[in-house]
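The chain contents come next:
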Amino acid sequence: MGTTCTIRLERNDLGQLLDSLRSRSEAWHGTAEYLESGVTPRDDFVIEECNDADEARAVAEDYDRIIATIKAQIKQQGAAP
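As the structure is a prediction and not an experimental result, all values here were calculated from the model. Along each chain, the written sequence defines residue order, and numbers are assigned to residues from 1. Predicted model: local features are reported for residues with pLDDT of at least 70 only, side-chain atom pairs are reported and counted for 80 or more only, and whole-chain, interface and lining totals are derived from all residues. Derived side-chain values reflect all non-hydrogen atoms in the structure, with water molecules and hydrogen atoms excluded from consideration.

Moving on: the side chain of Thr-31. Topologically, Thr-31 is positioned in helix α1 (residues 11-37). Only protein chains enter the accessibility calculation, which uses a 1.4 Å probe; a residue whose area is less than 20% of its type maximum is buried, one above 50% is exposed, and one in between is partly exposed. With a relative accessible area of 0%, Thr-31 lands in the buried category. Numbered from the N terminus, helices here are DSSP runs of H or I no shorter than four residues, and strands are runs of E no shorter than two.

Okay, structure coming up:
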């Protein structure tokens, strides 16, 4: 594991950050789904560039892990964004 960093943000900014991370996670989950089934989740969906569904799923899981880490820290601090 790498070096841990502490970042201080206003609640609204933290909410914006989480929304962005969720959006990226959804994009990568959708890409994995497309690469496995050939069907996009929405008509306007843009496929992310990667080698295969496994890579897309791994990237999505990275985003999911980051989101979970942030949410756990928010809960620990008792500060909902």
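This part covers the pattern of salt bridges. Should the charged atoms of two oppositely charged side chains come close, the side chains can pair. Salt bridges are identified by distance alone: a Lys or Arg side-chain nitrogen within 4 Å of an Asp or Glu carboxyl oxygen. Counted according to the given criterion, the structure contains five salt bridges. Note that Arg-57 is salt-bridged to Glu-36, the shortest N-O span being 2.5 Å. Of this pair, Arg-57 sits in helix α2 (residues 53-77) while Glu-36 sits in helix α1, and the two are 21 residues apart along the sequence. Its relative accessible area of 28% is what places Arg-57 among the partly exposed residues.

Just geometry here; none of it tells us what the structure is for.
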